[in-house]
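The residues making up each chain are set out below.
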Amino acid sequence: MSEPTPPGSSEPPVPSAPSYEPPAPAAPPSAPASPPPSAPGGYTPPPSVGGPAPVGYANPDDKTWALVAHFGGALTWFVAPLVALLVKGNESPTVKAHATAALNFQILWGVISIVSLCVGSCLSWLILPMVLFFVPLFPLIMGVMAGVKANNGELPKYPLTMNLIK
């Protein structure tokens, strides 16, 4: 037996199929934070590159400049680390960390070498050979050892140094 059709309708009822509705779209991701307002005069300071250096190197150029800072510092006192800091220090936090560490060490030991040479030459001819040989040898050895560590992707810690430049 079939069901009676409602009055006023000439067609038999059609069973309805379940309908599929796609889920509502997810909420859009939050908008990125707006950049800080620029200083008066239109100057926008560069992003901060301070803090600890990341382990390893982002690219081979960073590794090259880090090695220039350490090995060059061993040979030229503070000239090579200063050049590395000025050329790539604002672009790479890794190079800045390496160059700053090398520069702090080489400046301090350059001053110690010059002072010890002056004092040693005034005191005695026995002390002068020790001063001329051992005091400048220490920063040379430490710079080479730091360069080897930097080649392995580590940030070396120089012994007997001060943080003159941050």
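The structure we're discussing is the one just above.
Bear in mind the structure is a predicted one, so any value in this text is a computation, not a measurement. (Residues numbered from 1 in each chain as written. Predicted model: local features only at pLDDT ≥ 70, side-chain atom pairs only at ≥ 80, totals over all residues. Heavy atoms only, no water.)

It is worth spelling out the pattern of salt bridges at this point. If you walk through the whole model with that rule in mind, you get 2 salt bridges. The closest approach of N and O atoms between Lys88 and Asp61, which form a salt bridge, is 2.9 Å. With Lys88 in helix H2 (residues 79-88) and Asp61 in helix H1 (residues 60-76), this pair connects stretches of sequence that are 27 residues apart. On the basis of relative accessibility, which here comes to 13%, the residue Lys88 falls in the buried class. Judged by its relative accessible area of 33%, Asp61 falls in the partly exposed class. Residue Glu91 pairs with Lys88 through a salt bridge whose shortest N-O separation is 2.9 Å. Owing to a relative accessible area of 56%, Glu91 belongs among the exposed residues under this scheme. Several salt bridges converge on common partners, so that one network encompasses Asp61, Lys88 and Glu91. (Salt bridge = Lys/Arg side-chain N within 4 Å of Asp/Glu carboxyl O. Helix = DSSP H or I, 4+ residues; strand = E, 2+ residues; numbered from the N terminus. Buried < 20%, exposed > 50% of the residue type's maximum accessible area, 1.4 Å probe, protein only.)

Residues spaced three or four apart along an α-helix face the same direction, because each turn holds 3.6 residues. Three or more residues of H2 are buried, namely Ala80, Pro81, Ala84, Leu85 and Lys88. Each buried residue of H2 sits inside an arc of 135° when the element is viewed along its axis, so together they form one side. Where H2 is buried, its residues meet H1 and helix H3 (93-123). (Arc of directions from axis to C-beta. Contact = heavy atoms within 4.5 Å.)

Next up on the list: the side chain of Asp62. By secondary structure assignment, the location of Asp62 is in helix H1. The side chain of Asp62 is buried and forms no salt bridge, while Lys88, the nearest opposite charge, is found at 5.3 Å. Side-chain polar atoms of Asp62 contact the side chain of Ser92, separated by 3.1 Å. When sequence neighbours within four positions are dropped, the list of residues in contact with Asp62 reads Tyr57, Ser92 and Val95. (Lys, Arg positive; Asp, Glu negative; His and termini not counted. Polar contact = N/O pair within 3.5 Å; in protein donor to acceptor, adjacent residues only side chain to side chain.)

Take the nonpolar core next. Ala69, Ala84, Ala99, Phe105, Trp109 and Tyr158 are the most contacted members of the largest nonpolar core, which totals 15 residues. Of all the secondary-structure elements, those providing two or more residues to this core are H1, H2, H3 and helix H4 (127-151). No other element matches the 7 residues that H3 contributes to this core. Leave out the neighbours within four places in its chain, and Phe105 touches Phe138, Pro139, Met142, Tyr158, Pro159, Leu160 and Thr161. (Core = buried A, V, L, I, M, F, W, Y, C linked by side-chain atoms within 4.5 Å.)

With a phi angle near 60°, Trp77 is a residue other than glycine that sits in the positive phi range. Inspection of the secondary structure assignment puts Trp77 in the loop between H1 and H2. A positive phi angle, close to 50°, is found at Leu160, a residue other than glycine. If you trace the backbone, Leu160 turns up in the segment after H4.

So, on to a nonpolar patch on the surface. Taken together, Trp77, Phe78, Val79, Leu82, Val83, Leu86, Val87 and Ile114 make up a surface patch of nonpolar side chains, about 680 Å² in accessible area. Considering every element that reaches the nonpolar patch, the biggest residue donor is H2, with 5 residues. Tracing the backbone through its elements, the reader meets Ile114 in helix H3. Ile114 gets classed as partly exposed once you look at its relative accessible area, which sits at 46%. (Patch = residues over 30% accessible without salt bridge, like charges linked within 9 Å, V, L, I, M, F, W, Y side chains within 5 Å. Areas by Shrake-Rupley, 256 points an atom, 1.4 Å probe, with all protein chains shown as cover.)

The analysis is restricted to geometry; functional conclusions fall outside its scope.
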